[in-house]
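# Fold and contact review
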Amino acid sequence: VQLQASGGGLVQAGGSLRLSCAASGRTFSRNVMGWFRQAPGKEREYVATISWSGGSTYYADSVKGRFTISRDNAKNTVYLQMGNLSPVDTAVYYCAASTKIESSYYVSPSLYDYWGQGTLVTVSS
């Protein structure tokens, strides 16, 4: 089972990037998926969650209104569209999948069972 994150890179402040997370080895079409990020010297931080159907999404306050999480279950892929980026968004971004059933927004990394390798996003000022 593998989650492959891609789409990171160097972008100027105010710019946009779209991250992708492709799953292989099993389908996650019935699982909650999430994005997290980790800046240098900091702990892993929650970014966004999407329900298995894509009908429900939830965002950290720091990205709300700028980032959009979506998924294509036919492609077993989750996306993170990031806009109006600023240097504080610089981090390694990780996608994750949860097999747990929780009545929460899945903001804790401990709720996720599978993790991608991360993709680096660098925002220059």
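Here, every reference points to the structure presented above.
Residues numbered from 1 in each chain as written. Predicted model: local features only at pLDDT ≥ 70, side-chain atom pairs only at ≥ 80, totals over all residues. Heavy atoms only, no water.

As a further point, take the overall build of the chain. Secondary structure assignment for the chain yields zero helices and eleven strands. In sequence order, the chain lays out its α and β elements as β-β-β-β-β-β-β-β-β-β-β. The C-alpha atoms of the chain give 13 Å as radius of gyration, which agrees with the globular expectation for 125 residues (14 Å, within 12%). Expressed as lengths along the three principal axes of its C-alpha atoms, the size of the chain is roughly 40 × 25 × 25 Å. The proportion of buried residues among the 125 residues of the chain is 44%. In the chain, the share of contacts with a sequence separation of at least 24, taken over all contacts with a separation of at least 6, comes to 57%. Surface exposure of the chain reaches about 6300 Å², of which carbon and sulfur atoms provide 50%. (Helix = DSSP H or I, 4+ residues; strand = E, 2+ residues; numbered from the N terminus. Rg over C-alpha atoms; globule rule 2.2 N^0.38 Å. Buried < 20%, exposed > 50% of the residue type's maximum accessible area, 1.4 Å probe, protein only. Contact = heavy atoms within 4.5 Å. Areas by Shrake-Rupley, 256 points an atom, 1.4 Å probe, with all protein chains shown as cover.)

Counted under the stated rule, the structure contains one cavity of 30 Å³ or more. Of the volumes computed, that of the largest cavity is approximately 30 Å³. Forming the walls of the largest cavity are Ala23, Phe28, Met33, Arg71, Asn73, Asn76, Thr77 and Val78. Split by residue class, the lining of the largest cavity holds four nonpolar, three polar and one charged. (1 Å grid on protein atoms, 1.4 Å probe; cavity = no way out; pocket = protein on both sides within 12 Å on 5 of 7 lines; lining within 4 Å. Points joined across faces, edges and corners; volume = space filled by probe spheres on them. Nonpolar A, V, L, I, M, F, W, Y, C, P; charged D, E, K, R; others polar.)

Taken in spatial order, the four strands of this open sheet run E1-E3-E8-E7, and their pairing is antiparallel. Among the strands making up the open sheet, the edge pair consists of strand E1 (2-6) and strand E7 (67-72). Strand-to-strand twist in this sheet, taken as the mean axis angle between neighbours without regard to direction, amounts to 15 degrees. In terms of strand pairing, E7 meets strand E8 (residues 77-82) through six bridges, oriented antiparallel. By the bridge assignment for E8, Arg71 is matched with Val78. (Pairing = 2+ DSSP bridges. Axes fitted to C-alpha atoms, helices over the stretch in contact; angles between N-to-C directions.)

In total, this model carries one disulfide according to the counting rule given. Cys21 shares a disulfide with Cys95; S-S distance 2.0 Å. Disulfide Cys21 to Cys95: torsion about the S-S bond roughly 65 degrees, handedness right-handed. In this pair, Cys21 sits in strand E3 (residues 17-24) while Cys95 sits in strand E9 (residues 91-98), placing the two residues 74 residues apart along the sequence. Of the two residues, Cys21 and Cys95, both sit in the buried class. (Disulfide = S-S within 2.5 Å.)

A few words on the packing of aromatic side chains. Scanning all chains against the criterion turns up eight aromatic pairs. With centroids separated by 5.3 Å and ring planes inclined at 65 degrees, the aromatic side chains of Phe28 and Tyr114 adopt a geometry described as edge-to-face. Highlighted residues: Phe28 in the loop between E3 and strand E4 (32-38) and Tyr114 in strand E10 (residues 114-115), separated in sequence by 86 residues. Residue Tyr114 is classed as partly exposed on the basis of its relative accessible area, which comes to 25%. Plain terms: the ring middles of Tyr58 and Tyr105 are 3.9 Å apart, the flat faces sit at 10 degrees to each other, and that makes the pair stacked. Residue Tyr58 is found in strand E6 (residues 57-59), and its partner Tyr105 is found in the loop between E9 and E10; the two are separated by 47 residues along the sequence. Each residue in the set Phe36, Tyr46, Tyr58, Tyr105, Tyr106, Tyr112 and Trp115 is aromatic and connected to the rest through ring pairs, giving one cluster. (Phe/Tyr/Trp six-rings, centres within 6.5 Å; stacked < 30°, edge-to-face > 60°.)

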